Amino acid sequence: MSAEHHFRYVATDRRVREDRRFVAGKGKFIADIALPSTKHVALVTCPHANARIVSVDKSRALKMPGVHYVLDGHELAAATLPLMTGLDTPNVPRRPLAVDVARYSGEWVVAVVADTRAQAEDAAEEVDIEYEALPFVLDAEEALEPGSPLVHQAHGSNVLLDKTFVWGEVDKDFAASPRKLSLRVKWGRSSTVPIETFGVVASWDPWRDMLDVYASIQMPRYADQIGIALQIPVTSVRVHYDVDVGGSYGVKRGIKHTVLAGYLARRLGFPVRLIEDRLENMRGGDAHGPERLFDVDVAYDDAGIVRSMKMRALENVGAYAGRSPFQLGKPVGAIVGPYKINSVQYRAIAVVTNKTTQEAVRGFGQAPTNLAIERIMDEVANVLGLDTIEIRRRNMIKHDEFPYLIPSGTTYDSGNYEAVFAKVLAGGAYEDLKAERDALRANGILAGIGVSACLEPSGGNATFEALLNPAITTSTFMDSCRISVDGMGFITATMHTTSSGQGHETLVGTVIGEQLQVDPEAIRVTRPDSLNSLPSGTPVGSRMAIMLGGAAFHAANKLKAKLLAIGAHDLGIPLARAVYEQGNVHDRDTPSHKRTWADLVQIAFRNYHRMPPDMEPGLSVSHVYQVPNGSTLPTAGGRVQMYPCFSFEFHLMLLSIDPMLGRPEILRYRLGHDCGTQINPKIVRGMTMGGIAHGIGAALYEEFAYNDEGQLIAQTFMDYLLPSSHEVPAVDIFDHETPSPYTVLGQKGSGESGYLGAPAAIANAINDALRPLGISTNRLPIKVSRLGDMIAAAQAKKGN
Amino acid sequence: MHAIMRWVRNMRIELDINGEVRELDVEPRTTLLDCLRDNLALTGAHAGCEHGVCGACTVLFDGVAVRSCLMFAVQAQGSAVRTIEGVTPGPGEMSVIQDAFCETHGMQCGYCTPAMVLVAHALLANNPEPTREEIVEAISGNICRCTGYAQIVEAIALAAERMRGANAPAELRK
């Protein structure tokens, strides 16, 4: 830490209150919700990459033991509206069950309801569906070709989005630059794949007109979307936010599961539970992440100063729009990374193919974009014979240049990249790594150093929506907190969404404790249901420390102001002389002249005659907090303030590759991280280490691979490889702290840290290791098998 | 298989669950995991993949950490099964290992956590002074998607240190 703190609880090494229930196995996860008479859903899925549904025969399934209902897409579509999507693509409707055509292998076609999940699965095998296989397309570039099979005939093409932005004098900068370089970079299809699959329990009470929903959800406007699709008032949807979510990192957006379960619960009159098994989660659960092809051109000079960049990003979103096309929009807010690139042309294209639908994944498209930027920076250095760290130093924004306006219209709040570099490189660390690399190489081992310098936009507003779809005018993105002191003087605070491991209850308690100068452990934090909640944008966009923390901060200050007013009035002193200290209010001039917390509670709850005139009795306050510094719509030229805060991370690693097996191993890992004030350092460290582990997976192991028939071939954890404790090395983390000027405590986001830069650093390290062989790779994941083949081929060519 | 399943009767089994002998009627195809969760309301064991890779369903089976999703309940007949509920000392009371996980924040979402705690119990029962590598090896069959494992490894090392200290004569304690 670099900053001097005057905090009591914030930024101190405190436990995370949620942990106690989890170590005892007493979390309340979706599979632990057991409503009486609950029935279970299993799904029948399409075995083809694209097929017309000719007929559905339910008769044998309906005769199976325990079976209550078999639902097809026609019945569901007649009773519900299509799911909400962000783009105006009315001819690409997305529904929970396929209607007439199923567009990817694994898409849900029929749902079976039975007394037990096992019975539902047995009966699902007895549903007879006749299909007529149709031509299909899997590759994004092929989907762009004229004559490609159309995923949605009525849409007329496979293109959902094709927008080009030009920020600054790109052509002029390219013409004026002596050097140009082009690179093609591919981010492979992977996802966050939480260990808990998505699940939902829905229960309809016809006498109260109430749909109770319990879900392992992480999604903005969840209750709204349920109400809209089921065509019931949102006041008839009650989402219970006190369900612990077993990991999400963006993807737990089971709206199609929920609309399906909600419809069945209303139709059948008993609670309905749909919990994905692992295959459903990986295939038909619609939770894949970006699959993105970049073509990047940069114009630069002999000193390695990058003047301008053209980036074309082609996203393969899968069979339906979902929310994924917007993942092309968010990176606009950090499109130049930490560098002073003068002008940018950005073309964002989203196409549909016959693959699983995507959802939001950690970073919302930023990690792939960071990979593309960081790969081309390394290639520029390589061409010029410049050191990989030196080129970044030359291009990066300096501490005294903040706040810094980038060409796409976003202002970076603060940063001190050179200080973070200095911490990571201190004590000759870089020279030591180079010496170690060279010693390995001398022993016949391929070894490389990889660096990446990346930004984590945080505090999530939603202006990418308006940027990519001008029909959307959303500039508001809120979070809220309510604090109530009861008549006994105890404090209860609320938050208004689910959490999936981010420690939000600890966050709220810590911030309020800090502001009120009371022990955070004494503050109860609850999660009212959606009908009793204030607005929450939910934990997306690395925003809760900023947004929920901001709401809690302001609510606490409102409470403090009220206590001061009551105290000053009862003490008979001007408000300006009243001082709040640890729950008591005293006279600045005579500190012994005071009212204690108990006195103030007594006045507020029972002595109205002692209250200031016209003040509400009781001690209840709330605050609805808008995203700081980001409340305007994009300009006509596509300039926009995307997110308010920008955390920085600098990765430096040494990686070796076994030249026979092609097996990469990270030998040394140093990370510099600056997310401003760390409200809870244990949480920040965990997020960062988890992000690195996730990034290692995306770079080396994880891929939703398809075969030529359009079948997903990574369907289990034996084919889709998640990093274990053996694959995640020890990481030396060097914290630096540049407070954000726009947030209440100087905090920035850290929910995506590590993940945003680890894949780029690994790709750079592998390319450094391969350079002596004269080969390179720019396609993630870089799997052992492919790496081994590449190395063998290169060695054979060299005659080794 | 389903055509047969309709006619297969439940089987009666006897299990030692957390030190208490329980008699149960279960379908032969019921996994030990489903039996623990659905028949015995021991919901600390979690389903993650149900094909034996992620380890979220880990329980101690005759003292050994095993995956309860990979065996049938009837295979546990006559055996001793210990779950997270069985290693928790009492309501609101944590074991040294559980407390160490809280101290280092060796978790985030909590879904893999009970299994990690049980693996730590199994490890430390046989090896009171594990090296970092031994801890990494012990938890390598349990996937945590949140933490990147660092704070889990530290939790187990801390628990080992504290347990050694607790067992040492008072004059040797720090």
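Predicted model, so just to flag it, every value in this text is computed and none were measured.

## Considering the overall build of chain B
Logical step 1: Within chain B, the secondary structure is distributed over 7 helices and 5 strands.
Logical step 2: Listed N to C, the secondary structure of chain B is α-β-β-α-β-β-β-α-α-α-α-α in terms of helices and strands.
Logical step 3: For chain B, the spread of C-alpha atoms along the three principal axes comes to 65 × 30 × 25 Å.
Logical step 4: For chain B, the residues scored as buried account for 50% of the 174 residues in total.
Logical step 5: Summarising the internal contacts of chain B: among those between residues at least 6 apart in sequence, 60% fall at separations of at least 24.

## Here's the deal with the domain arrangement of chain A
Residues and elements named next belong to chain A.
Logical step 1: You can read the domains of chain A as domain 1 (19-23 + 478-626), domain 2 (33-134 + 198-275) and domain 3 (292-463 + 633-798).
Logical step 2: For domain 2 versus domain 3, the separation of C-alpha centres amounts to 37 Å.
Logical step 3: Its residues assigned to classes, the side of domain 2 that touches domain 3 shows 6 nonpolar, 7 polar and 4 charged.

## So, the interface of chain A and chain B
Logical step 1: With 44 residues of chain A at the interface, the matching set in chain B holds 43 residues.
Logical step 2: Elements represented by at least two residues in the side of chain A that touches chain B include exactly α1 (19-23) and α18 (681-701) of chain A.
Logical step 3: Counting residues per element, the side of chain A that touches chain B draws most heavily on α18 of chain A, at 7 residues.
Logical step 4: By residue class, the composition of the side of chain A that touches chain B is 21 nonpolar, 12 polar and 11 charged.

## Quick notes on the domain arrangement of chain B
Residues and elements named next belong to chain B.
Logical step 1: Segmenting chain B into domains produces domain 1 (9-83) and domain 2 (96-172).
Logical step 2: Its C-alpha centre places domain 1 at a distance of 23 Å from the equivalent point of domain 2.
Logical step 3: In this assembly, 13 residues from domain 1 lie in contact with 12 residues from domain 2.
Logical step 4: For the side of domain 1 that touches domain 2, the elements supplying multiple residues, two or more each, are β3 (58-61) and β4 (64-67).

## Description of the sheet that holds strand β21 (residues 523-526) of chain A
All names here are of chain A.
Logical step 1: In spatial order, the strands read β21-β20-β19-β25; together these 4 strands make up an open sheet with mixed pairing. Whereas interior strands pair on both sides, the edge strands pair on one side only; in this sheet they are β21 and β25 (619-626). Here the strands of the sheet are splayed against their neighbours by 20° on average, with no regard to which way each runs.
Logical step 2: When strand β19 (residues 478-485) meets β25, the two strands line up antiparallel, connected through 8 bridges. Looking at the pairing, R482 lines up with S622 of β25.
Logical step 3: Its contacts with the sheet place helix α16 (residues 544-571) against β19, β20 (491-494) and β25, and it is angled at close to 145° to β25.

## A few points about the nonpolar core
Logical step 1: With 293 residues, the main nonpolar core has V41, A111, V112, L264 and A552 of chain A as its most contacted residues.
Logical step 2: Per element, the largest residue contribution to this core is 14 residues, and it comes from α16 of chain A.

## Some thoughts on the environment of F364 of chain A
Residue and element names in this part refer to chain A.
Logical step 1: The residue F364 is located in the loop between β15 (343-352) and α10 (366-384) in this model.
Logical step 2: When the C-alpha atoms of F364 and R238 are compared, they prove to be 28 Å apart, with 126 residues separating the residues in sequence.
Logical step 3: Contact partners of F364, with chain neighbours within four places excluded, come to G250, Q327, K330 and G541.

## Quick look at unusual backbone geometry
Of all residues except glycine, most have a negative phi; of all peptide bonds, most are trans.
Residue and element names in this part refer to chain A.
Logical step 1: Going from F402 to P403, the amide bond is cis rather than trans, its omega being -5°.
Logical step 2: In this structure, the amide linkage connecting L780 to the following residue, P781, adopts the cis form with an omega of -5°.
Logical step 3: Among the secondary structure elements, P781 is positioned in the loop between α19 (758-770) and α20 (784-798).
Logical step 4: Backbone geometry at A11 places phi at a positive 65°, although glycine is not the residue there.
Logical step 5: Locating A11 in the fold gives a position in the segment before α1.

## Some words on the packing of helix α15 (residues 504-516) of chain A against α16 of chain A
Residue and element names in this part refer to chain A.
Logical step 1: Axis separation between α15 and α16 bottoms out at 9 Å; the angle between their running directions is 35°. Where α15 crosses over α16, the two elements pack in a sense that is right-handed. Contact residues: H504, L507, V508, V511, I512, Q515 and L516 in α15; M544, A545, L548, G549, A552, F553, A556, N557, L559 and K560 in α16.
Logical step 2: Residue composition of the contact of α15 with α16, grouped by class: 12 nonpolar, 4 polar and 1 charged.

## What to know about the pairing of strand β1 (residues 11-17) of chain B
Residues and elements named next belong to chain B.
Logical step 1: One ladder, built from 7 bridges, connects β1 with strand β2 (residues 20-26); its direction is antiparallel. Pairing of M11 across the sheet is with V26, part of β2.
Logical step 2: Counted between consecutive antiparallel strands, the loop separating β1 from β2 contains 2 residues, among which N18 sits at a positive phi close to 50°.
Logical step 3: Inspection of the sheet shows β1 paired to strand β5 (residues 80-82) by 2 bridges, in the parallel sense. Bridging across to β5, I17 finds its partner in V81.

## Let's talk about the sheet that holds strand β18 (residues 446-458) of chain A
Residue and element names in this part refer to chain A.
Logical step 1: Taken in spatial order, the 4 strands make up an open sheet running β18-β26-β27-β28, and their pairing is mixed. Looking at which strands have only one partner, the edges of the open sheet turn out to be β18 and β28 (732-736). With strand direction ignored, the average angle separating the axes of adjacent strands in the sheet is 15°.
Logical step 2: Two elements, strand β26 (residues 645-657) and strand β27 (residues 664-674), share 10 bridges in a ladder whose sense is antiparallel. Residue pairing across strands places M653 opposite Y669, the latter belonging to β27.

## Some words on helix α2 (residues 32-39) of chain B
Residue and element names in this part refer to chain B.
Logical step 1: Buried residues dominate α2, accounting for 6 of its 8 residues.
Logical step 2: Listed in full, the buried residues belonging to α2 are L32, L33, D34, C35, L36 and R37.
Logical step 3: The inward-facing, buried residues of α2 abut β2.
Logical step 4: Count one or two residues on from α2 and you reach A41, which has phi positive near 55°.

Cut-offs applied
Once a new chain begins, its residue numbering starts again from 1 and follows that chain's sequence as written. All chains are assigned letters beginning with A, and all ligands numbers beginning with 1, in the order in which they are written. Where totals are concerned, whole chains, interfaces and linings use all residues; where local detail is concerned, this predicted model gives features only for residues with pLDDT of at least 70, and gives and counts side-chain atom pairs only at 80 or more. Strands here are runs of E lasting at least two residues and helices are runs of H or I lasting at least four, both read from the DSSP assignment and numbered beginning at the N terminus. Exposure classes come from backbone-placed C-beta atoms, where a residue is buried if 20 or more other C-beta atoms lie within 10 Å of its own, exposed if 12 or fewer do, and partly exposed in between. This entry defines residue contacts through backbone-placed C-beta atoms, with two residues in contact when those atoms are within 7 Å. In this entry, domain limits derive from an automatic or database-based domain assignment. Lys, Arg, Asp and Glu make up the charged group, whereas Ala, Val, Leu, Ile, Met, Phe, Trp, Tyr, Cys and Pro make up the nonpolar group; the residues left over, Gly among them, are polar. One bridge is not enough; two strands pair if DSSP finds at least two bridges between them. Axis geometry follows a simple rule: fit a line to the C-alpha atoms, using only the stretch in contact for helices, then measure angles between N-to-C directions, giving values from 0 to 180 degrees. A set of buried residues qualifies as a nonpolar core if it consists of Ala, Val, Leu, Ile, Met, Phe, Trp, Tyr and Cys joined through C-beta atoms within 7 Å. In this scheme, a crossing is called left-handed if the near helix is turned counterclockwise away from the far one by less than a right angle; it is called right-handed if the turn is clockwise.

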